[in-house]
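Chain by chain, the residues run as shown.
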Amino acid sequence: MELNVQDWKEFRLNKVFTLKGGFFNKKPEHSEVGTIPFLASTENNNGVTEYYSLNDIISWDKVGEPDNTLENKLFSANCIAVTVNGSVCNAFYQKTQFTCSHDITQLCLKHHTMDEYIGQFLCVVIMMDKYRWNYGRKPHDVKKFGMSIIKLPIKYNEDNIPVIDENRTYSDEGYIPDWQFMEDYIKSLHHKPITTKVKAGNVKDLDVDNWEEFKVSDLFNKIYKAKAHTKEEVVEVDKGIHFVSRTDCNNGVDITVDKDTRYEGLEEANCITIGDTTATVFYQNEKFIAGDHMVVLRADWLNIKRGLFFRTLFAQEGIRYCYGRAYRMDLIKDTLLKLPIKRYGNGNPVIDDSHTYSDNGYIPDWQFMEDYINSLPYSDRI
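Cut-offs applied
Residues numbered from 1 in each chain as written. Predicted model: local features only at pLDDT ≥ 70, side-chain atom pairs only at ≥ 80, totals over all residues. Heavy atoms only, no water. Salt bridge = Lys/Arg side-chain N within 4 Å of Asp/Glu carboxyl O. Helix = DSSP H or I, 4+ residues; strand = E, 2+ residues; numbered from the N terminus. Buried < 20%, exposed > 50% of the residue type's maximum accessible area, 1.4 Å probe, protein only. Phe/Tyr/Trp six-rings, centres within 6.5 Å; stacked < 30°, edge-to-face > 60°. Pairing = 2+ DSSP bridges. Axes fitted to C-alpha atoms, helices over the stretch in contact; angles between N-to-C directions. Core = buried A, V, L, I, M, F, W, Y, C linked by side-chain atoms within 4.5 Å.

1. Let's talk about the pattern of salt bridges
Next, step 1: Evaluated as defined, the whole model comprises eight salt bridges.
Next, step 2: Here D276 makes a salt bridge to K225, at a shortest N to O gap of 3.5 Å. Placement of the pair is D276 in the loop between β14 (271-275) and β15 (280-284) and K225 in strand β11 (residues 222-225), with a sequence separation of 51 residues.
Next, step 3: Here R306 makes a salt bridge to E370, at a shortest N to O gap of 2.9 Å. You can see R306 sitting in helix α8 (residues 304-317) and its partner E370 sitting in helix α10 (residues 366-375), a full 64 residues away along the chain.
Next, step 4: Judged by its relative accessible area of 14%, R306 is buried.

Structure, rendered in structure tokens:
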């Protein structure tokens, strides 16, 4: 299908969408593991920077603000979330309910039902205007942002004449967006949807109240600084060895480099990497070389499923650290993580007399961690 953009017409955002500003002025505190996406100013991961429980969202209040209702904190599914601060004018289709910061504005279609195809089409159109917004002209104000103009394909009759809506629902000229064209165009693109055999709704419960604390240095037998490399000393290629840095996207992989064996400190797979000045944490399942300020954690019990479980736990520690308080190696070693533990059938903890992992003799329930990851939709695609 062709895109005859020259035939598209202008539409004002607030004629096509209902706009709603974000709620949180900072991330809420965590008390439990959640599944509700938290969106903030980023151009990665479909805008999602964290996940929260409904209890944490409900309990977090803005001091002195009258809008602490759940309705104002939660945002409906099948909409577009646009970043209006920081990484400005990134647009992401949201298939599920979410919560977000002030850096997000929600766009819901007023007179038509949005699906993932129409949503993806509109996201690209919105981001084509990204160049209009910069630090001197951010779309903070919801009302002003609503006055923005986008161009969309319109409906034509059999004589190739624009269909005009006498009620002027979408535009003052009466043009009607061609929703069917948008959907058909996205479907025409060459892609294969990701599928999963893991049924939704079978995720294992996380009984966090019965978890116990473990010190990181008792869990990982190797914690060390990786040999640091710079981009100036490597050769970037399309497919090669991962170059893992402090970036917060793409599993920490900044670029891929040639497979020349001259690199010192080539790291084997099956480990967790932490950027100490950024608290960015990822599990690495391929060989890699590291950039500066990278800490590596290794253990005999580690595998990809357990690594992903631990990565999530470490990521929640990241909110405590930033450039003013780097996640140094001593802090990493002293970090306390709450983990599920092995128990007998009667619920009593299994105690290890050698106190391998804990001064109290508790043993992490490795099998539960794997079973939990395996219960998540798309886990069979890992």
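2. Some points on the packing of aromatic side chains
Remark: the centre distance and the inter-plane angle together describe each pair of aromatic rings, the angle taken between the planes.
Next, step 1: Applying the stated rule across the entire model yields 19 aromatic pairs.
Next, step 2: Their ring planes at 90° and their centres at 6.0 Å tell us that F309 and Y372 sit as a pair that is edge-to-face. Of the two residues, F309 is situated in helix α8 and Y372 in helix α10; the sequence distance between them amounts to 63 residues.
Next, step 3: Through pairs of rings, three or more aromatic residues link up here, namely F220, W301, F310, F314, Y357 and W366.

3. A closer look at the sheet that holds strand β12 (residues 236-244)
Next, step 1: Spatial ordering of the open sheet is given by β13-β12-β16, a layout of three strands whose pairing is mixed. With partners counted over all chains shown, the strands left at the sheet margins are β13 (253-257) and β16 (288-290), one partner each. Each adjacent strand pair in this sheet contributes to an overall mean axis angle of 55°, direction not counted.
Next, step 2: Two elements, β12 and β13, share five bridges in a ladder whose sense is antiparallel. Looking at the pairing, F243 lines up with I255 of β13.

4. Section: the pairing of strand β8 (residues 104-109)
Next, step 1: Across the six residues that make up β8, a large majority, six, are buried.
Next, step 2: One ladder, built from five bridges, connects strand β2 (residues 17-21) with β8; its direction is antiparallel. The partner of T18 across the bridge, within β8, is C108.
Next, step 3: Relative to β8, strand β5 (residues 79-83) runs antiparallel, the two being bridged by four bridges.

5. A short note on the sheet that holds strand β7 (residues 99-100)
Next, step 1: One open sheet accounts for three strands, arranged β4-β3-β7; its pairing is mixed. The strands lining the two open edges of the sheet, one partner per strand, are β4 (48-52) and β7.
Next, step 2: When strand β3 (residues 36-39) meets β4, the two strands line up antiparallel, connected through four bridges. Across the sheet, residue F38 finds its bridge partner in β4, namely E50.

6. Some remarks on the nonpolar core
Next, step 1: Ranked by size, the top nonpolar core spans 37 residues in total, and within it F220, I272, L297, F310 and F314 carry the most contacts.
Next, step 2: Those elements that place two or more of their residues in this core are α7 (216-219), β14, β15, β17 (294-298), α8, α9 (329-334), β18 (336-339) and α10.
Next, step 3: At five residues, α10 tops the list of elements feeding residues into this core.
Next, step 4: Grouped together as the second largest cluster of nonpolar side chains are 34 residues, V88, A91, F121 and W179 included.

Note that every value here comes from positions in space, so none of it alone points to a role or purpose.
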